[in-house]
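Next come the chains, spelled out residue by residue.
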Amino acid sequence: MDSQKDPEKVVDSVRVARMFYHQNMKMDVIAREMNISRSSVSRLLTYAKSEGLIDIRIVDPNENSQKLEKIIGERYHIRKVHVVPVSNLSEEEWLEQVAQYTANYLNMVFGSGMILGIAWGTTTSAISRHLTPKATYNTHVIQLNGAGNTQTLGIEYASEIIQRFAHNYQAQAHLFPVPTFFDFPKTKQILWKERSIKQLLDLQQNSDLLVYSIGAVKYTVKSHIYSGGYFETKDCAELRRCGVAGEIAAVYFKEDGSFEDIPFNDRSSGPGLELFQKKYGICVISGLAKVRGLRAALRGKLMTELIVDEPTALKLIESDEGNITS
């Protein structure tokens, strides 16, 4: 939203939106009230929607998604669950619909004076493409895990995601210029002592809101970590030996949600998963292959809110009830 360019139009759009949606006034009445034409009222409403000044959610109490939200919330004691109805299309299209819902929802929970931590990946990339502009001040967007690997620095992919979020909220972007995984734990320990890196680590720890997804070894929608040259065969074998169920920001956890005693995490650039237990985190999930990791993360209390597509939410509940390991 470019409020500095046309502040009068923004004020008029908000006023029209309040009268139309809050006071249930008809367009003709609004036009007379503001001494403008009915078509001008319509244009101001359209402008308000396009600039993110209006957020509309239709709630149907009889909708299946509402029931799924209640079951998941009560079963896992999670603060809030959003189950997104999706059309009967491919999982790639489910992701786009979930991403669009998340992008709209973020405008309600992220605002001025806040620090937003982003774990880059396929899901947050999709969210970044659907963001609706919202003007904020004194805000920061921090990358939670590195993006480099043996084939590339990974800067273009990760930085594009972070920059989109920062641009959308008129925030300052903070990239994390380190490898996704280190070859040796000691290398990470030494680098973490550098003042420039410590400043970024402190910013991560001070985040007000975290947005991330859960990675799994097998995907229908391919994870960028697994398809982008970040892993070798021996790495996958090590994770299998440890019995990992999923990862958040390149840090791995087991079926019960625990993340201790996984040597691979000592080489990861992602923050310790304690951060996701203590901070306000929105976990965004789309795709049936993520059910196993989602269940484990819920057991480990690794999220505050969950946004998930309806088929995946249904499979989570059904597999729980049938004692199925997905």
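Residues numbered from 1 in each chain as written. Predicted model: local features only at pLDDT ≥ 70, side-chain atom pairs only at ≥ 80, totals over all residues. Heavy atoms only, no water.

**Some details on the overall build of the chain**
Phase 1 of the analysis: Helix and strand counts for the chain stand at 14 helices and nine strands.
Phase 2 of the analysis: The long-range share in the chain, meaning contacts at least 24 apart out of those at least 6 apart in sequence, stands at 74%.
Phase 3 of the analysis: Accessible surface, the chain: about 16100 Å² in total, of which carbon and sulfur atoms supply 50%. (Helix = DSSP H or I, 4+ residues; strand = E, 2+ residues; numbered from the N terminus. Contact = heavy atoms within 4.5 Å. Areas by Shrake-Rupley, 256 points an atom, 1.4 Å probe, with all protein chains shown as cover.)

**Here we look at the packing of helix α1 (residues 7-22) against helix α2 (residues 27-34)**
Phase 1 of the analysis: Two elements in contact, α1 and α2, have axes whose closest approach is 10 Å; the angle formed by their N-to-C orientations is 135°. The angle between the axes of α1 and α2 places the two elements in the oblique class. Crossing of α1 over α2 shows right-handed handedness. Counted together, Asp12, Arg15, Val16, Met19 and Phe20 of α1 and Met27, Ile30, Glu33 and Met34 of α2 form the full contact between these two elements. (Axes fitted to C-alpha atoms, helices over the stretch in contact; angles between N-to-C directions. Parallel < 35°, antiparallel > 145°, perpendicular 65-115°, else oblique. Left-handed = near helix turned anticlockwise from the far one by under 90°.)

**Focus: the layout of surface pockets**
Phase 1 of the analysis: In this structure, the largest pocket occupies an estimated 500 Å³ of space.
Phase 2 of the analysis: Forming the walls of the largest pocket are 22 residues, and the residues nearest its centre are Ile54, Asp55, Ile56, Asn104 and Tyr105.
Phase 3 of the analysis: Every element with two or more residues in the lining of the largest pocket is listed here: β1 (80-84) and α5 (91-109).
Phase 4 of the analysis: Per-element accounting of the lining of the largest pocket gives the leading share, seven residues, to α5.
Phase 5 of the analysis: A class-by-class count of the residues in the lining of the largest pocket yields nine nonpolar, seven polar and six charged. (1 Å grid on protein atoms, 1.4 Å probe; cavity = no way out; pocket = protein on both sides within 12 Å on 5 of 7 lines; lining within 4 Å. Points joined across faces, edges and corners; volume = space filled by probe spheres on them. Nonpolar A, V, L, I, M, F, W, Y, C, P; charged D, E, K, R; others polar.)

**Description of the side chain of Lys290**
Phase 1 of the analysis: With respect to the element layout, Lys290 can be found in the loop between β8 (281-285) and α13 (291-299).
Phase 2 of the analysis: Within the buried set, Lys290 has no salt-bridge partner at all; the shortest N-O distance to an opposite charge, 7.5 Å, is to Glu247.
Phase 3 of the analysis: Looking at Lys290, its side chain comes within polar contact range of the side chain of Thr123, at 3.5 Å. (Buried < 20%, exposed > 50% of the residue type's maximum accessible area, 1.4 Å probe, protein only. Lys, Arg positive; Asp, Glu negative; His and termini not counted. Salt bridge = Lys/Arg side-chain N within 4 Å of Asp/Glu carboxyl O. Polar contact = N/O pair within 3.5 Å; in protein donor to acceptor, adjacent residues only side chain to side chain.)

**So, the packing of α5 against helix α6 (residues 122-129)**
Phase 1 of the analysis: Where α5 meets α6, the axes come as close as 8 Å, and the angle between the chain directions of the two elements is 60°. Judged by the sense of rotation from one axis to the other, the crossing of α5 with α6 is right-handed. Where α5 approaches α6, its residues Leu95, Glu96, Ala99, Thr102, Ala103 and Leu106 are matched on the opposing element by Thr122, Thr123, Ala126, Ile127 and Arg129.
Phase 2 of the analysis: Residues of the contact of α5 with α6, tallied by class, amount to six nonpolar, three polar and two charged.

**What about the environment of Ala296?**
Phase 1 of the analysis: Within the secondary structure, Ala296 sits in helix α13.
Phase 2 of the analysis: Along the chain, Ala296 and Asp256 lie 40 residues apart, while their C-alpha atoms are 5.3 Å from each other.
Phase 3 of the analysis: Beyond its immediate sequence surroundings of up to four residues, Ala296 is in contact with Ala245, Phe253, Lys254, Glu255, Asp256 and Gly257.

**Here's the deal with the side chain of Ser268**
Phase 1 of the analysis: By secondary structure assignment, the location of Ser268 is in the loop between β7 (251-254) and α12 (274-278).
Phase 2 of the analysis: On the accessibility criterion, Ser268 (0% relative accessible area) is buried.
Phase 3 of the analysis: A polar contact is formed between the side chain of Ser268 and the backbone nitrogen of Gly270, at a distance of 3.1 Å.
Phase 4 of the analysis: Contacts of Ser268, omitting those with residues within four sequence positions, involve Thr180, Phe181, Lys188, Ala249, Ala250 and Val251.

**Side note on unusual backbone geometry**
Phase 1 of the analysis: One non-glycine residue with positive phi stands out, namely Ala249, at about 55°.
Phase 2 of the analysis: Since its relative accessible area comes to 5%, Ala249 is described here as buried.
Phase 3 of the analysis: With phi around 60°, Asp261 is a residue other than glycine that occupies positive phi space.
Phase 4 of the analysis: Examined against the element boundaries, Asp261 turns out to sit in the loop between β7 and α12.
Phase 5 of the analysis: Its relative accessible area of 68% is what places Asp261 among the exposed residues.

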